[in-house]
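Understanding the architecture of this molecule
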Amino acid sequence: ETGVTQTPRHLVMGMTNKKSLKCEQHLGHNAMYWYKQSAKKPLELMFVYNFKEQTENNSVPSRFSPECPNSSHLFLHLHTLQPEDSALYLCASSQGGIATDTQYFGPGTRLTVL
Amino acid sequence: AQTVTQSQPEMSVQEAETVTLSCTYDTSESDYYLFWYKQPPSRQMILVIRQEAYKQQNATENRFSVNFQKAAKSFSLKISDSQLGDAAMYFCAYRSALNYGQNFVFGPGTRLSVLP
């Protein structure tokens, strides 16, 4: 379970705070993803990065701002969030660019917005 | 757009018995990949099994096997000799093979309980 790590594991923030979630992968992958997992809803893909370039943005509100400085690190910057943004945020990575691409997930950050 | 449906929000199985989790999907593509992921309580989501749509043979991984029916767009997961550690949320997922698409589409999940 150390292939993809996420910090912090738990985060409580107010609506006016600014915080960042961090993801790091040690698998030599080239693609990284952010997902939102809410109770009783399917995983929602938020962002995809390939070789540090953002290739997917699934209509995510601008209060979520991703950053991918290199293929091993992915951040999700949060500001002025809403209570409905409370969820488990999962990071994943994959090799990218291959037909048999498979995602590997981190443990997630449990976010609570007060 | 592709969709993935898991019609069983919750399932339970007796330890050592066999259970089958259902998954159906909707796509107009002919080449794609299907996955089952397992998410134990408060633990990381891990890949259980993967099936390539162009392969007729059903994938197996130890006690886990799938029944892939391409024409019916069905992809069920069979867990044999269930163990307490199999208790988890199970997610079915689809990924297009077109242009090495990376938009993985997940179903809503099935919560599996294993009874001792």
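To keep things clear, this report deals only with the structure shown in the data block. (Residues numbered from 1 in each chain as written. Chains lettered and ligands numbered in written order. Predicted model: local features only at pLDDT ≥ 70, side-chain atom pairs only at ≥ 80, totals over all residues. Heavy atoms only, no water.)

**Describing the overall build of chain B**
Across its full length, chain B carries 0 helices and 12 strands. Taken from the N to the C terminus, the helices and strands of chain B come in the order β-β-β-β-β-β-β-β-β-β-β-β. In terms of principal-axis extent, the alpha carbons of chain B reach across some 45 × 30 × 20 Å. Each of the 116 residues in chain B was classed as buried or not, and the buried ones make up 50%. For chain B, restricting intrachain contacts to residue pairs at least 6 apart in sequence, the fraction spanning at least 24 positions comes to 56%. When the accessible area of chain B is evaluated, it comes to approximately 5,700 Å², of which 45% is carbon and sulfur surface. (Helix = DSSP H or I, 4+ residues; strand = E, 2+ residues; numbered from the N terminus. Buried < 20%, exposed > 50% of the residue type's maximum accessible area, 1.4 Å probe, protein only. Contact = heavy atoms within 4.5 Å. Areas by Shrake-Rupley, 256 points an atom, 1.4 Å probe, with all protein chains shown as cover.)

**Things to note about the environment of Leu115 of chain B**
All names here are of chain B. By secondary structure assignment, the location of Leu115 is in strand S12 (residues 110-115). Separated by 42 residues in the primary sequence, Leu115 and Lys73 place their C-alpha atoms 30 Å from one another. Filtering out sequence-adjacent residues up to four positions away, Leu115 remains in contact with Ser12, Val13, Gln14 and Glu15.

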